[in-house]
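Take a look at the letters that make up each chain.
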Amino acid sequence: MAKIKDRDTLAIVSGLIGLAGIMIVDGISQWADLSKRSYREASAGIFVSKREAMSLEGQILGTIMNGAVSILGANFIIKRMSTNGRDKLLVKGIMSGITFGAIATVIPNIVPKNRVKPKDATSNLSYVFSNVVYGLLTTFASAKLGHDSLFDVPPQNDYLKPTEKTSEQVKLAPVAR
């Protein structure tokens, strides 16, 4: 399978994979009556009224906003893996999902006009679990779909020649006989 060589494209693809995980967990959480507000309604509630946030147009707006935040989060995860490596994906995925998800969950809760924000602990715990799933899916998708050259560590300084070859240099080097 061809690997993705562009960071932005990889962020879009892995962010949307993570968004799909959020939507599935959020849907199950609402179906099981654990969450009082869907992620989409809470996101749309920042921009429109409670009634409009629950309409079809509000749901679409919330999905678009969640998608944008998911792609930004994927970009952050890819940059972190570029500097810290692609090992221990499980831990990195959980931590990234919780960290970025906490930021994304706080934003709708601090907006004074948001009348759709969840006020119960169960809904917020559901969001945390959704964010863990997002972090895991996005991290694994980025690591598996991204080309090796995206994760090469930049040199510590520009004065000394690097002691290790990048993945592109290794690929292009002639095979020793």
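This text goes with the structure placed above it.
Residues numbered from 1 in each chain as written. Predicted model: local features only at pLDDT ≥ 70, side-chain atom pairs only at ≥ 80, totals over all residues. Heavy atoms only, no water.

Account for the nonpolar core, with residues named and values stated.
In terms of nonpolar packing, the biggest core is built from 18 residues, with Leu10, Ile78, Met81, Tyr134, Leu145 and Phe151 touching the most fellow members. Within the residue set of this core, elements represented by two or more residues are α1 (7–31), α2 (39–44), α4 (56–84) and α6 (121–145). In terms of residue count, the dominant contributor to this core is α6 (five residues). The residues touching Leu145, leaving out its near neighbours within four places in the chain, are Met1, Lys3, Ile4, Leu10, Val13 and Ile17. (Core = buried A, V, L, I, M, F, W, Y, C linked by side-chain atoms within 4.5 Å. Buried < 20%, exposed > 50% of the residue type's maximum accessible area, 1.4 Å probe, protein only. Helix = DSSP H or I, 4+ residues; strand = E, 2+ residues; numbered from the N terminus. Contact = heavy atoms within 4.5 Å.)

Got a sec to walk through the packing of aromatic side chains? Specific residues and values, please.
A complete count under the given rule lists one aromatic pair for this structure. Note on Phe76 and Phe100: the rings are 6.1 Å apart at their centroids and 20° apart in plane angle, and the pair reads as stacked. Taken together, the positions of Phe76 in helix α4 and Phe100 in helix α5 (residues 89–110) put the pair 24 residues apart, joining distant regions of the chain. A relative accessible area of 18% places Phe100 in the buried class. (Phe/Tyr/Trp six-rings, centres within 6.5 Å; stacked < 30°, edge-to-face > 60°.)

Can you lay out the pattern of salt bridges for me, pointing to particular residues and giving the numbers?
Applying the stated rule across the entire model yields two salt bridges. Note that Asp148 is salt-bridged to Arg86, the shortest N-O span being 2.8 Å. Here Asp148, found in the loop between α6 and α7 (167–172), pairs with Arg86, found in the loop between α4 and α5; they are 62 residues apart in sequence, far enough to count as distant. Taking the relative accessible area as the measure of exposure, Asp148 reaches 39% and is therefore partly exposed. Of the charged contacts, one joins Asp87 and Lys92 as a salt bridge, the two residues approaching to 3.1 Å between their closest N and O atoms. Judged by its relative accessible area of 40%, Asp87 is partly exposed. Judged by relative accessible area, Lys92 falls into the buried class, the value being 15%. (Salt bridge = Lys/Arg side-chain N within 4 Å of Asp/Glu carboxyl O.)

Tell me what's going on with the packing of α1 against α6, and back it up with residues and numbers.
Contact geometry for α1 and α6: axes closest at 8 Å, N-to-C directions at 150°. Between α1 and α6, the interaxial angle falls into the category roughly antiparallel. Crossing of α1 against α6: the hand is right-handed. Only Ser126, Tyr127, Phe129, Ser130, Asn131, Val133, Tyr134, Leu137, Thr138, Ala141, Ser142 and Leu145 of α6 make contact with α1, whose side of the interface consists of Leu10, Val13, Ser14, Gly15, Ile17, Gly18, Leu19, Gly21, Ile22, Val25, Asp26 and Ser29. Its residues assigned to classes, the contact of α1 with α6 shows 13 nonpolar, 10 polar and one charged. (Axes fitted to C-alpha atoms, helices over the stretch in contact; angles between N-to-C directions. Parallel < 35°, antiparallel > 145°, perpendicular 65-115°, else oblique. Left-handed = near helix turned anticlockwise from the far one by under 90°. Nonpolar A, V, L, I, M, F, W, Y, C, P; charged D, E, K, R; others polar.)

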